Amino acid sequence: MKDGFYYNCATHTADNILNEISSTYQIDLLNIRWKHFVNLLKQKYSVSIEPHVFNDPNLNARLAGVAMLGNYPLIQFNNSIMQSEERKHFTIVHEGVHFFRHKDDPNAEGEAFTDIIENSAYSPEEQAEELITNQTASIIMLNNSALLACMQNRWSYGKITGFYGMSGSALFERLVNYLHFNLKIKSESARYLVGRFRYGDTVEACGFLPILTTNFDRFVDWFNDFPLTGNMLDELYLNLGLGFEAPASHWYQLNHIFSKTNLNASIAANMQK
């Protein structure tokens, strides 16, 4: 199956969870945080969430969490100092997604830490489940409404991770998936753009992704009608009311997305993907 299938499954599950959080607590999607999901699990579904620390440092470094289902659902997360606080947040949400996806299956049992230790590798079915669960968890951590608000307000990479309690790697994958699956930007280009947003050596270099994400349709429409040149990018920025000409780093990043020799064909391919 193609990656898009798994991402669609993740999006469907995340939407169900987010809508349930929104209706249960009368909160707008824009304001949902990962802790609201924790409250839902505890208060509506009576899921116990408990910290766990191993005596073996290797296990503390390797294992993150488990979800046990049945009549007394339990999530355990690795609470050792070898796990960052942001990793613990994601683990709890991840295991909560496992619970949510299988809560209505009377045959689902989940797994304990001992099960993971005894099983050396995931089966293909388990790998698919983990992929869907990871992507679902990342959407819950930073849903589309919140992501676009961050881009609109031009928040820095560090500000987003701090506010939403996400690790740098979790946010990286979340943004790459959004660009690739929601905006149809090629995967390698998406990783390049997020890398510049995270690690850019100037403020200008880090500032392109929020502008692109917020105005993506305008970028596509504009350069479908006009040649991709520095002057045209400056004119687009003026048209968007940004109040400044496009820095050179923005031009290079835009060139990385679309074909330098056949822009229209590249845009068409991306939009049809």
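The residue numbers shown here count from 1 along each chain, following its written sequence. Note on the predicted model: pLDDT of at least 70 is required for a residue's local features to be given, and 80 or more for side-chain atom pairs to be given and counted; whole-chain, interface and lining totals, by contrast, use all residues. Note: side-chain values were computed over all heavy atoms of the structure, leaving out hydrogens and water.

Draft legend 1. Focus on the overall build of the protein. For helices the rule is a DSSP run of H or I covering at least 4 residues; for strands it is a run of E covering at least 2, with both sets numbered from the N terminus onward. In terms of regular secondary structure, the protein is built from 16 helices and 3 strands. Note on contacts: a residue pair qualifies if any of its non-hydrogen atoms lie within 4.5 Å across the two residues. Considering only contacts in the protein between residues 6 or more positions apart, those separated by 24 or more positions represent 63%. Only the protein chains shown count as covering a residue, and every accessible area follows the Shrake-Rupley method with a 1.4 Å probe. By element, 49% of the accessible surface of the protein is carried by carbon and sulfur atoms, the whole surface being about 13900 Å².

Draft legend 2. Structural detail: the confidence of the model for the protein. Considering every residue of the protein, the mean pLDDT works out to 90; 93% of them sit at 70 or more. Every residue gets a pLDDT, meaning the predictor's confidence in that residue, from 0 to 100. Every residue in residues 260-273 is under pLDDT 50, and counting partners more than four places away or in other chains gives 27 contacts.

Draft legend 3. Examining the pattern of salt bridges more closely. Definition used for salt bridges: Asp or Glu carboxyl oxygen within 4 Å of a side-chain nitrogen of Lys or Arg. Counted according to the given criterion, the structure contains 5 salt bridges. With a closest N to O distance of 3.0 Å, E129 and R101 form a salt bridge. Here E129 is found in helix α6 (residues 124-141), whereas its partner R101 is found in helix α4 (residues 85-102), with 28 residues between them in sequence. Since its relative accessible area comes to 14%, E129 is described here as buried. Three labels apply to residues, based on accessible area from a 1.4 Å probe with only protein chains included: buried if under 20% of the type maximum, exposed if over 50%, partly exposed otherwise in between. For R101, a relative accessible area of 30% gives the class partly exposed. In this structure, the salt-bridge partner of D104 is K103, at a minimum N-O distance of 3.3 Å. With relative accessibility at 66%, the residue D104 sits in the exposed group.

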